[in-house]
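Chain by chain, the residues:
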Amino acid sequence: MSLSRCVPLLLLVLCGAAEFAEACSCSPEHPQQAYCNADVVIRAKVVGRKEVVTGNDVYGYPIRMIRYDVKQIKMFKGPDGEIDTIFTGPSSALCGVNFESNGKKEYLISGNMDSNGTLRINLCDYIESWESLSMTQKKSLGQRYQMGCDCKVVQCSMIPCSINDPTECLWTDWVLEGTVQGTQAQHYTCIKRSDNSCAWYRGSAPPKKEFMDIEDP
């Protein structure tokens, strides 16, 4: 499960009847950007799993999903009330998420609500085991990441790269460390300052007034 967005690629195969196969492709996202893009972000245990049919597609074939029952520990972002069920695709090829469903492992789960108020997730959402998160990431969930939702984290995929707007922060983990789980992802937040520009801030404590008042990045 990566810090990324999902772009399903649909392939139509004609073999007497129409069959569909999808591949899951994602572009990386900094945890803050993933948090800001999600409708719901929770810490939870997964306590049950069942394959269900949620309707039929335009060809009359059943739409199969995996329904996970979850026990919410804490909500960082989302609607009033607890989240107790989550839906995802039936396989990783369809961007479906596979959880351990014995209730022993804690997860950070983000996703988006559909028009029926159902939480749907996929492999490209911000989903990690709770224990794998850095202390800064854990403390940033909620207020810290929310403070940066008016900013935009822009990934640098190759050098040279630059930002085009003062409200952007350049994310260089991939080009400098060869991973999207690098130093900026684990320890930095892109925060808006008093002059409306955005800049990286490191640490788990709230930004000091001196940082917020700086005019030049």
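Residues numbered from 1 in each chain as written. Predicted model: local features only at pLDDT ≥ 70, side-chain atom pairs only at ≥ 80, totals over all residues. Heavy atoms only, no water.

The protein chain is annotated in an unreviewed UniProt entry as Metalloproteinase inhibitor 2 from Onychostoma macrolepis. Within the UniProt record for the protein chain, the comment given under Subcellular location (unreviewed entry) is "Secreted". (UniProt positions renumbered as here; feature names shortened; annotations may be inferred.)

Participant: What should I look at first to understand the state of the cysteines in this one?
Facilitator: This structure, assessed with the given rule, holds 6 disulfides. Covalent S-S linkage joins Cys-26 and Cys-124, the inter-sulfur distance amounting to 1.9 Å. Between Cys-26 and Cys-124, the S-S dihedral sits near -60°, and the bridge is therefore left-handed. A residue pair is termed long-range when its members are at least 10 positions apart, and Cys-26 in strand β4 (residues 26-28) and Cys-124 in the loop between β9 (119-120) and β10 (127-129) qualify at 98 residues. Relative accessible area serves as the criterion here: at 31%, Cys-26 is assigned to the partly exposed category. Two residues, Cys-151 and Cys-198, share a disulfide whose sulfurs are 2.0 Å apart. Judged by the sign of its S-S torsion, about -85°, the bond between Cys-151 and Cys-198 is left-handed. On the criterion of sequence distance, the pair formed by Cys-151 in the loop between α3 (143-147) and β11 (152-155) and Cys-198 in strand β14 (residues 198-202) is long-range, its members being 47 residues apart. We note that Cys-151, like Cys-198, is buried. (Disulfide = S-S within 2.5 Å. Helix = DSSP H or I, 4+ residues; strand = E, 2+ residues; numbered from the N terminus. Buried < 20%, exposed > 50% of the residue type's maximum accessible area, 1.4 Å probe, protein only.)

Participant: How should I be thinking about the packing of aromatic side chains in this particular structure?
Facilitator: For any pair of aromatic rings, the description rests on two quantities: the centre-to-centre distance and the angle between the ring planes. Within this structure, the stated rule accounts for 5 aromatic pairs. Ring plane angle 70° and centroid distance 4.7 Å describe the contact between Phe-99 and Tyr-107, whose orientation is recorded as edge-to-face. Arranged with centres 6.2 Å apart and planes meeting at 85°, the rings of Tyr-188 and Trp-200 form a pair that is edge-to-face. Here Tyr-188 is found in strand β13 (residues 188-192), whereas its partner Trp-200 is found in strand β14, with 12 residues between them in sequence. By way of ring pairs, the aromatic residues Tyr-68, Phe-99 and Tyr-107 are connected into one cluster. (Phe/Tyr/Trp six-rings, centres within 6.5 Å; stacked < 30°, edge-to-face > 60°.)

Participant: I would appreciate a short explanation of the nonpolar core in the present structure.
Facilitator: Across soluble globular proteins, nonpolar side chains have a tendency to be buried as a group. With 16 residues, the main nonpolar core has Tyr-68, Val-70, Ile-83, Ile-86, Phe-99, Ile-109 and Ile-121 as its most contacted residues. Put simply, the parts of the chain that give this core at least two residues each are β5 (40-56), β6 (62-77) and β8 (106-113). By residue number, the principal contributor to this core is β5, which donates 4 residues. Those residues in contact with Ile-83 that lie beyond four places of it in its chain are Val-40, Ile-42, Val-70, Gln-72, Met-75 and Leu-119. (Core = buried A, V, L, I, M, F, W, Y, C linked by side-chain atoms within 4.5 Å. Contact = heavy atoms within 4.5 Å.)

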